[in-house]
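So you can see what is in the structure, the chains are spelled out below.
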There are 2 protein chains.
Amino acid sequence: MADYSSLFDDPRGTREEIMQATYRALCEHGYADLSIQDIADNFEKSKSLIYHHYDSKDDLLLDFLGFMLEQFEESIPSEDEENVPKGDADTADEHLDAILDYMFTPSLEDERRDFLRAMSELRAQAAHDDGYSEKISHHDSFLIDSLAEVIDRGIEEGVFRNVDSGEVANFLFTAMSGSMERRVTNQDASVGVIRSQIDEYLQEVLYR
Amino acid sequence: MADYSSLFDDPRGTREEIMQATYRALCEHGYADLSIQDIADNFEKSKSLIYHHYDSKDDLLLDFLGFMLEQFEESIPSEDEENVPKGDADTADEHLDAILDYMFTPSLEDERRDFLRAMSELRAQAAHDDGYSEKISHHDSFLIDSLAEVIDRGIEEGVFRNVDSGEVANFLFTAMSGSMERRVTNQDASVGVIRSQIDEYLQEVLYR
């Protein structure tokens with residue numbers, strides 16, 4: 001699972017240094033006010049090096065969206081994750097629980113809230129940019145497929161009922177998206193409620 | 001229920017004319033690129049009249065957020081709504097169904113998609129603006145309370161089980177938010193799936 005602070009503190013190569021500078025500038029200024037100069041101000045090397053790598057701000061920010069989506073995908077607990085309790089980690093229901101615990105954690109560290117806010121701003125650009133829309137749809141599909149794989153494994157293991165894993169994954173992902181949107185406006189109090197209702201839903205569809 | 005096209009085509013007074021011009025400019029240019037000049041270009045009266053009403057672009061856009069949230073609140077089917085079938089409209093479960101049908105409609109007219117995209121862009125500004133964050137939280141609470149009222153009525157009428165209406169409403173609203181976010185990136189195909197999973201959930205918590 002990614003640690004957002006260390007991830008962005010230890011860039012590997014010029015591209016990641018530019019991504020780190022972009023992230024800091026976005027967190028500080030917001031998307032609407034973001035300029036290449038703001039990014040250069042957070043970049044230790046020369047501004048011309050940014051233009052060497054990217055033709056324009058739009059070009060840079062589209063690459064940054066891809067970078068952020070990758071970070072998010074890597075942050076989801078995987079099957080062999082060390083934060084999944086040993087022994088229990090072998091079963092699909094424990095893995096699904098670990099993902100839900102991560103997504104619906106009651107309290108959020110500042111780093112992760114900054115990250116979700118930046119993601120929310122980037123997602124909103126899809127309203128007027130097909131490049132953003134395509135990347136985000138692709139990312140969403142990847143996350144839904146990952147959830148569906150966990151559910152499929154649970155069905156094979158006999159811990160889940162024989163459901164349409166794609167439909168359940170689709171719904172779980174949508175609830176996660178809504179919950180993340182509400183985090184942006186500090187409605188964290190709702191997250192515990194959402195998690196308990198998700199559990200009721202899963203009790204019905206996966207375990208009954 | 002509001003009709004977005006006619007609503008914005010028939011402004012009442014200068015404020016609504018400015019709101020209409022802002023809406024058109026936002027749909028055309030996106031939030032990040034929006035200028036007062038873009039708004040003035042969509043406004044039939046003088047640009048100085050805009051500055052007479054608003055001190056700054058930020059001031060105007062915060063008022064516009066409030067206006068958009070009001071439109072959204074008015075668009076939710078109400079108890080005596082004519083689109084709720086007569087006769088059935090009297091029961092809370094039919095009212096809840098009408099709201100869910102509206103929120104999870106499989107296909108979206110262009111006007112409503114434009115509206116949701118504009119809302120998504122405005123919501124994202126909450127990441128860096130407490131004024132936005134407060135207005136959006138207030139609006140979200142209003143919608144959750146409205147849903148909870150319908151559920152409470154259903155409990156009184158004996159059509160729903162005796163549940164915590166606030167928790168169920170909170171969860172329904174979150175799923176709606178996630179679904180709206182996915183509309184922005186044209187993932188409409190998921191909406192039918194989400195609605196059917198919502199029905200499974202409600203079957204479990206409200207009807208069992």
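Definitions and limits used
Residues numbered from 1 in each chain as written. Chains lettered and ligands numbered in written order. Predicted model: local features only at pLDDT ≥ 70, side-chain atom pairs only at ≥ 80, totals over all residues. Heavy atoms only, no water. Helix = DSSP H or I, 4+ residues; strand = E, 2+ residues; numbered from the N terminus. Rg over C-alpha atoms; globule rule 2.2 N^0.38 Å. Least-squares fit on C-alpha atoms with pLDDT ≥ 70 in both. Phe/Tyr/Trp six-rings, centres within 6.5 Å; stacked < 30°, edge-to-face > 60°. Buried < 20%, exposed > 50% of the residue type's maximum accessible area, 1.4 Å probe, protein only. Lys NZ or Arg CZ within 6 Å of the ring centre and 35° of its normal. Contact = heavy atoms within 4.5 Å. Buried area = accessible area lost by both parts, 1.4 Å probe. Salt bridge = Lys/Arg side-chain N within 4 Å of Asp/Glu carboxyl O. Nonpolar A, V, L, I, M, F, W, Y, C, P; charged D, E, K, R; others polar. Patch = residues over 30% accessible without salt bridge, like charges linked within 9 Å, V, L, I, M, F, W, Y side chains within 5 Å. Areas by Shrake-Rupley, 256 points an atom, 1.4 Å probe, with all protein chains shown as cover. Lys, Arg positive; Asp, Glu negative; His and termini not counted. Charge placed at Lys NZ, Arg CZ, Asp CG, Glu CD. pLDDT = per-residue confidence, 0-100.

Student: Explain the overall build of chain A to me, and be specific about the residues and the numbers.
Tutor: The helix and strand inventory of chain A stands at 10 helices and zero strands. The secondary structure elements of chain A, listed N-terminal to C-terminal, are α-α-α-α-α-α-α-α-α-α. Whereas a compact globule of 208 residues would reach a radius of gyration of roughly 17 Å, chain A reaches 19 Å, a difference of no more than 12%. In terms of overall dimensions, chain A has a C-alpha envelope of 60 × 35 × 30 Å along the principal axes.

Student: Which residues make up the relation of the copies chain B and chain A, and what are the values?
Tutor: After a rotation of 180° and a shift along the axis of 0.0 Å, chain B superposes on chain A with an RMSD of 0.0 Å. The operation mapping one copy onto its partner corresponds to a two-fold rotation axis.

Student: Lay out the packing of aromatic side chains with the relevant residues and their values.
Tutor: Each pair of aromatic rings is reported with the distance of its centres and the angle of its planes. Enumeration over the complete set of coordinates arrives at nine aromatic pairs over all chains. Ring centres of Phe-72 of chain B and Phe-115 of chain B lie 6.3 Å apart, and the angle between their planes is 5°; on these two criteria the pair is classed as stacked. Of the two residues, Phe-72 of chain B sits in helix 5 (residues 57–75) while Phe-115 of chain B sits in helix 7 (residues 110–124), which places them 43 residues apart along the sequence. Each member of the pair, Phe-72 of chain B as well as Phe-115 of chain B, is classed as buried. Directly above the aromatic system of Tyr-102 of chain A lies the positively charged group of Arg-112 of chain A, at a separation of 3.9 Å from the ring centroid.

Student: An account of unusual backbone geometry is requested, with residue identities and associated values reported.
Tutor: Residue and element names in this part refer to chain A. A positive phi is found at Asn-186, a non-glycine position, where the angle reads about 65°. Among the structural elements, Asn-186 can be located in the loop between helix 9 (165–184) and helix 10 (189–207). A relative accessible area of 44% means that Asn-186 is categorised as partly exposed.

Student: Kindly report on the interface of chain B and chain A, identifying the contributing residues and their values.
Tutor: Contacts between chain B and chain A engage 48 residues on the former and 48 residues on the latter. When the two sides are added together, the surface that chain B and chain A hide from each other amounts to roughly 3,800 Å², 57% of it contributed by carbon and sulfur. Inspection of the region where chain B meets chain A yields zero salt bridges. At the level of secondary structure, the elements contributing two or more residues to the side of chain B that touches chain A comprise helix 2 (13–29), helix 7, helix 8 (130–157), helix 9 (165–184) and helix 10 (189–207) of chain B. If one sorts the elements of the side of chain B that touches chain A by residue count, helix 9 of chain B sits on top with 13 residues. Its residues assigned to classes, the side of chain B that touches chain A comprises 19 nonpolar, 18 polar and 11 charged.

Student: Go over a negative patch on the surface with me, naming the residues and quoting the values.
Tutor: A surface patch of like charges, here negative, comprises Asp-145, Glu-149, Asp-152, Glu-156 and Asp-164 of chain A. Checked against the element boundaries, Asp-164 of chain A lands in the loop between helix 8 (130–157) and helix 9.

Student: I'd like to hear about the side chain of His-95 of chain B, residue by residue, with values.
Tutor: Within the fold, His-95 of chain B resides in helix 6 (residues 92–103). Excluding residues within four positions of it along the chain, His-95 of chain B makes contact with Pro-77, Ser-78, Glu-79, Val-150 and Arg-153 of chain B.

Student: Now, about the confidence of the model for chain A: what can you tell me, with residues and values included?
Tutor: All names here are of chain A. The predicted model of chain A averages 90 in pLDDT, with 91% of residues at 70 or higher. Within chain A, helix 3 (residues 36–41) carries the highest mean pLDDT (97), whereas helix 1 (residues 4–9) carries the lowest (58). Here the complex is predicted with pTM 0.91, and the ipTM for its interfaces comes to 0.90.

Student: Explain the environment of Gln-197 of chain A residue by residue, including any values.
Tutor: The topology assignment puts Gln-197 of chain A in helix 10. Judged by relative accessible area, which is 3%, Gln-197 of chain A ranks as buried. Beyond its immediate stretch of four places on either side in the chain, Gln-197 of chain A contacts Glu-167, Val-168, Phe-171, Tyr-201 and Val-205 of chain B.

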